[in-house]
Structure formats: C-alpha cells, structure tokens
Amino acid sequence: MSETKLPLDDAQHADSARALADVLERVSARTFRDELIDAGLLIPTGVDGLYGRSEVFESVVEGINQLVTRMGADQNAEVMRFPPAMNRADFEDSEYLKSFPNLAGTVHSFCGGDREHHRLLKCLEDGEDWMGDQKPTRVVLTPAACYPCYPVVAKRGPLPAEGRTVDVYSYCFRHEPSLDPARMQMFRMREYVRMGTPAQIVAFRQMWIERGKQLVETLALPHWIDLANDPFFGRGGKIVADSQRAQELKFELLIPIESEEKPTACLSFNYHMDHFGEIWKFRTEDGEIAHTGCVGFGMERTTLAMFRHHGLDVAQWPASVREALWGAR
Ligand code: ATP
Ligand code: ZN
Ligand code: MG
C-alpha cells in the first residue's frame, strides 16, 4: 500500500516549526548546574564536583544546619568537630577500602631533599608527571562525617547503659566527579551517630526517619523514604549490596533534584550492626559488642533541593520556609 504525501498546509508548518523549536530548546537547554553557576550560587573551579559556595548558598546551608541542631536538642549528643581528614591507620582499620576503594582520597606530600625538589621543578617545567616524590602521609580525607568518631569513643571503654550519641559535621571527600551538581567530590555531612544496643540503634533510626521527614516538610520539599544500599565495589559488591537491602540496613530520604525519575538521596539512615563495634572492640555496659547507626544530612544536596523547588532567588521563597531557615528578618 502506498501513501501519498500531501504538501504541508500552514497549520502543519507551524506545528513542525514549534516541534523543531522544542527540540532545539531541549538540546541547548541550560542545565540546573549552569543556572546555579550563572546565579553565582556555585563557583566552578574547573574540576567536576568541586565548587566554591556563595554567601547566599552558605546562608541556606547554615539555616538547615541550625534546624538540625534544634531537632537534635533532646539527644544529649556530644558535639565533636573534626577537620575533613582522619588518621590513616583508623581509616585502614575501618575497612572502607574493602567496600569503596574507588571513592577514597589519600593525602600525599613531598618528602624528598634538594635533588628531588629540583627534579620536581624540572618535571613541572617540562609538563611531565611531578608526583614521583609525593609520599603518602598519615592523613586521608574523611569519607563520611562519622568515621573519625568511632575509634575515639571506643578508646573510652564500655558505653554507659544509655549508650552514646555523637554530633559530627564535616566536609567529606568522595572521588566521584560528576556534572550533577548534587554529586560533589567535597561536600558536608551533618550526622548524629548512635552507639549502643541493637534496640537502641533501631529505635534511634526510626525516630530520625520521622524527624527527617518533618525537617523537609518544614522546608516544603517533596520527598519520600526508600530502602537503599551502598555502591559496594567490584564483583562481590552486588552480593554485599543485596544483603544490605535484605537486612534493611539503609534507608534514604529522596528528593527530586536533577531528575524526577532518579531522585537524589538527601538524608540517609544507616544501621551498621556490629561492624564498627567489632573493629574497634567497643562494648556496651553489659560486655556485648556495641552496635552503631547514624543519620546523615547531606547539606549541599538539601540546599540544592531548596533552589530546585523554590527557585534561585531566596527573596521569593515561601515566607514559612524563610522563617524556618532564618527566623523573622
Ligand atoms: P548516593 O547513593 O547518591 O551516592 P550515598 O548512599 O553515597 O548517596 P551516603 O553514603 O549515605 O550517600 O552519605 C550520606 C549523605 O551524604 C547522603 O544522604 C547525601 O545527602 C550526602 N552525599 C553523599 N554523596 C554525596 C555527593 N557526592 N555529593 C553531595 N552529597 C553527597
Ligand atoms: Zn555515618
Ligand atoms: Mg554514593
């Protein structure tokens, strides 16, 4: 059967012109990342996932941080602030490299003498690899805000009957360069970390799932909770991830940022069971290996979700949201 093609009439011309314009707009559409950069909220550095932040961006981060502090005021948490680096020996003990070798960031430093210095400068001048004399230091970059606190608490001996809760806040590093502004290489995580009996950890996590939902409702952000897993490395990784899911060890609070179909994890609620307790041999009051868990607030991601859903101009944000962040001002 043959089909006769009739010449397009004016309306059809207009339709196809509109369709073409749509396609062109989508192709040339500025991404959310472009918009954030153009608005000056994120300052590009030339490295994917490494940004400076503007005053306005930081004021949102700090507003959210204070909301978290208010929510956790009843937690009797011990505040610990570490720099965004940790003891390499503790990092090695943590078994992070077993699960996520690809994400880790190590710190190296020049350890040579004059001869090596000259060689380094010559390499730089010739555009050659100058890293040969850079040697590992005793420091690595913190992969998650809670990591430095376990060995510190473990050294104090058995936990009191009520367990312990620690409040940490740190820049973290993960080598996952991306053009998705919500996947940074250096970003901040605020966490409450719970150490105690399995029952204490499970109750803590359930309570913070509820509080996490409350927090983002206060911020008028769409969200839902889902079971999750960590991206364990390698061939064995899938098995570990499946088992983490089967045991329901990790939940995330998701908010659409880059896409509706693949919403972004902005908060996470983790139960590590006896993983850290076993490594650093810390115990509950009655001599059992301690269990641990943590709730992590992704500060940049939650902030980006605000710009995504309320617009780039904070002056135009809903009054209730502005008040929650900054009080009446
Ligand atoms: P994803 O699955 O998106 O990689 P994650 O499971 O690795 O997230 P966690 O390890 O649970 O995230 O980290 C705790 C919180 O830190 C996350 O809920 C998120 O808000 C934030 N976070 C994690 N990775 C990044 C990143 N690359 N950039 C910005 N924030 C991040
Ligand atoms: Zn944690
Ligand atoms: Mg990840």
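Above this text sits the structure in question.
Residues numbered from 1 in each chain as written. Chains lettered and ligands numbered in written order. Predicted model: local features only at pLDDT ≥ 70, side-chain atom pairs only at ≥ 80, totals over all residues. Heavy atoms only, no water.

## Some points on the sheet that holds strand E9 (residues 224–228)
Counted only if it meets this: The pairing criterion for strands is at least two bridges between them, as found by DSSP. Helix numbering and strand numbering both begin at the N terminus, where a helix is a DSSP run of H or I of at least 4 residues and a strand a DSSP run of E of at least 2. Axis definition: a line fitted to C-alpha atoms, over the contacting stretch in the case of helices. Angles run 0 to 180 degrees between N-to-C directions.
In spatial order, the strands read E3-E7-E8-E12-E11-E10-E9; together these seven strands make up an open sheet with mixed pairing. Of all the strands in the sheet, just strand E3 (78–80) and E9 have a single pairing partner and so form its edges. The mean inter-strand angle of the sheet, taken between neighbouring strand axes irrespective of direction, is 20 degrees. Bridge count between E9 and strand E10 (residues 250–255): five bridges; the pairing is antiparallel.

## Some remarks on the coordination of the zinc ion (ligand 2)
In plain terms, the rule: For Na, K and Ca the donor cutoff is 3.2 Å, while for all other metals N, O and S atoms must lie within 2.8 Å; water is not among the atoms, so some sites may look incomplete. With a 1.4 Å probe rolled over the protein chains alone, any residue whose accessible area is under 20% of its type maximum counts as buried; one over 50% counts as exposed, and the rest are partly exposed.
For the zinc ion (ligand 2), the full set of protein donor atoms is Cys146 (SG), Glu191 (OE) and Cys294 (SG), at a range of 2.0 to 2.3 Å. When the donors of the zinc ion (ligand 2) are listed by position in the chain, the intervening gaps give C-x44-E-x102-C. With Cys146 in the loop between strand E6 (134–141) and helix H7 (149–154) and Glu191 in strand E8 (residues 186–196), this pair connects stretches of sequence that are 45 residues apart. In this structure Cys146 comes out as buried when scored by relative accessible area, which is 2%. We classify Glu191 as buried; its relative accessible area is 1%.

## As for the packing of aromatic side chains
What counts, and what does not: Any Phe, Tyr or Trp ring, taking Trp's six-membered ring, that has another such ring centre within 6.5 Å forms a pair; planes under 30 degrees apart are called stacked, those over 60 apart edge-to-face, and the others tilted.
As enumerated under the stated definition, the model contains 14 aromatic pairs in all. Centroid distance Tyr147 to Phe276: 5.4 Å. Interplanar angle 80 degrees. Geometry classified as edge-to-face. Placement of Tyr147 in the loop between E6 and H7 and of Phe276 in helix H10 (residues 275–280) is noted, with a sequence separation of 129 residues between them. Residue Tyr147 is classed as buried on the basis of its relative accessible area, which comes to 10%.

## So, the sheet that holds E6
Reading across from one edge, E4-E6-E5 is the order of the three strands in this open sheet, with antiparallel pairing throughout. Of all the strands in the sheet, just strand E4 (85–87) and strand E5 (106–110) have a single pairing partner and so form its edges. Going across the sheet, the axis of each strand differs from the next one's by a mean of 60 degrees, ignoring polarity.

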